[in-house]
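Coordinates in review
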Amino acid sequence: MRIIVANDYDEMSRKAAHLIASQMILNPESVLGLATGSTPIGTYKELIKLYKDGVIDFSKIKSFNLDEYFELPKDNPQSYDYFMKANLFNHVNIGEEDINIPNGMCENIERECNDYEKKIIEAGGIDLQLLGIGRNSHIGFNEPGEHFETNTHLVQLDEDTIEANSRFFDSVDDVPTKAISMGIGSIMKAKKILLLASGAGKADAIYDTVNGPITPKVPASILQLHPDVVIIVDKEAASRL
Ligand code: GLP
């Protein structure tokens, strides 16, 4: 694992965007794994700037998002589909057919999960997976548990995650209790992984991810076994390292 400590959120975002941009320049047909949450918003802003300055081009890029809330329509501003359009896709030249996000409104959950895995394989696998991290060390929506879920699956969200994500909803009761998430196996198959964390609230999760035992109780700790992980954190998230 390579750990880069940035002075603040803006520097973390710039460094992350430059790493993603390098991947896109080296391989303009890259398959990117993308994440939601407040953490990557600054990175997406920087990527939009780099696109507008003519440094990067999304026309041959394919993207796969980590997760989506279950039974939340795409036009709900809290859906991850809506988030990705508002924060990145509407501002760059990615083809609509090249955007992949699990469909939280699907009728057959098993088929949706299997098809999502198949689509990633057909695209040639993920070249660079961007990750945020939950306060409880979840990645995607892989919550702490007794075992690592391998493939895309339906998740029952933890109380802590529902509470943490309620800040985006009118009330905690509006937060979906389930989500579709790429599994730990799907994430670990990515050729490179870039994990971002900012703020003191993530310091314990980052400490456990980097130093703790590898255990499904700390889902991100599995990243210790991946051959190419870069973690970019601001000083506060790095405060326990
Ligand atoms: C959600 C997402 C995760 C994200 C996490 C942290 O639960 N499913 O992919 O990493 O939130 O979010 P934030 O960056 O807002 O702290």
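Read on for an overview of the structure.

**Concerning the sheet that holds strand E2 (residues 31-34)**
Strand order in the open sheet made by the seven strands is E1-E10-E9-E6-E2-E3-E5, with parallel pairing throughout. Lying at the two open borders of the sheet, with one neighbouring strand each, are strand E1 (2-6) and strand E5 (99-100). The sheet contact formed by E2 and strand E6 (residues 128-131) spans two bridges and is parallel. Opposite Gly33, over in E6, you have Gln129 as the bridge partner.

**Examining the site of the ligand**
Close contacts around the ligand come from 14 residues, with Ser38, Thr39, Asp67, Arg167 and Lys202 the closest. With respect to the ligand, the side chain of Ser38 contributes an N or O atom lying 2.7 Å from an oxygen atom. With respect to the ligand, the backbone of Gly140 contributes an N or O atom lying 3.2 Å from a nitrogen atom. Protein coverage of the free-state accessible area of the ligand, which is 390 Å², stands at 94%.

**Details of the state of the cysteines**
One pass over the full model with this rule turns up zero disulfides. The structure places no disulfide on Cys106, whose sulfur is separated from the nearest cysteine sulfur, that of Cys113, by 6.8 Å. Cys106 sits in the buried class, given a relative accessible area of 15%.

**Observations concerning the sheet that holds strand E8 (residues 178-181)**
Reading across the sheet, the three strands line up as E4-E8-E7 and stay open at both edges, with antiparallel pairing between neighbours. In this open sheet, the two strands that pair with only one neighbour each are strand E4 (67-69) and strand E7 (153-156). Recorded for the sheet is a direction-independent mean angle of 30° between the axes of neighbouring strands. Note that E7 and E8 share four bridges and pair antiparallel. Within E8, the position partnered with Val155 by the bridge is Ala179.

**Examining the nonpolar core**
Grouped together as the largest cluster of nonpolar side chains are 57 residues, with contacts concentrated most on Leu47, Phe58, Leu88 and Leu194. Considering every element that reaches this core, the biggest residue donor is helix H1 (residues 9-26), with six residues. Beyond its immediate stretch of four places on either side in the chain, Phe58 contacts Met24, Leu47, Tyr51, Leu88, Val92, Asn93 and Ile94. Counting residues in each nonpolar core, the second largest holds ten residues, with Leu72, Phe141, Val155 and Ala179 among its members.

**A short note on the environment of Asp98**
Here Asp98 shows up in the loop between helix H3 (80-87) and E5. Spatially, the C-alpha atoms of Asp98 and Phe83 are 17 Å apart, while their sequence positions differ by 15 residues.

**Regarding the pattern of salt bridges**
Throughout the structure, instances matching the rule amount to 13 salt bridges. The residue Arg135 makes a salt bridge to Glu163 at a minimum N-O spacing of 2.9 Å. Taken together, the residues Arg135 in the loop between E6 and E7 and Glu163 in helix H5 (residues 159-165) connect sequence positions 28 residues apart. With relative accessibility at 44%, the residue Glu163 sits in the partly exposed group. A salt bridge links Asp204 to Arg240, with the nearest nitrogen and oxygen atoms 2.9 Å apart. With a gap of 36 residues between them, Asp204 in helix H7 (residues 203-211) and Arg240 in the segment after strand E10 (229-234) connect regions that are remote in the sequence. Several salt bridges converge on common partners, so that one network encompasses Arg2, Lys192 and Asp228.

Cut-offs used in this document
Residues numbered from 1 in each chain as written. Predicted model: local features only at pLDDT ≥ 70, side-chain atom pairs only at ≥ 80, totals over all residues. Heavy atoms only, no water. Pairing = 2+ DSSP bridges. Helix = DSSP H or I, 4+ residues; strand = E, 2+ residues; numbered from the N terminus. Near = heavy atom within 4 Å. Polar contact = N/O pair within 3.5 Å; in protein donor to acceptor, adjacent residues only side chain to side chain. Areas by Shrake-Rupley, 256 points an atom, 1.4 Å probe, with all protein chains shown as cover. Disulfide = S-S within 2.5 Å. Buried < 20%, exposed > 50% of the residue type's maximum accessible area, 1.4 Å probe, protein only. Axes fitted to C-alpha atoms, helices over the stretch in contact; angles between N-to-C directions. Core = buried A, V, L, I, M, F, W, Y, C linked by side-chain atoms within 4.5 Å. Contact = heavy atoms within 4.5 Å. Salt bridge = Lys/Arg side-chain N within 4 Å of Asp/Glu carboxyl O.

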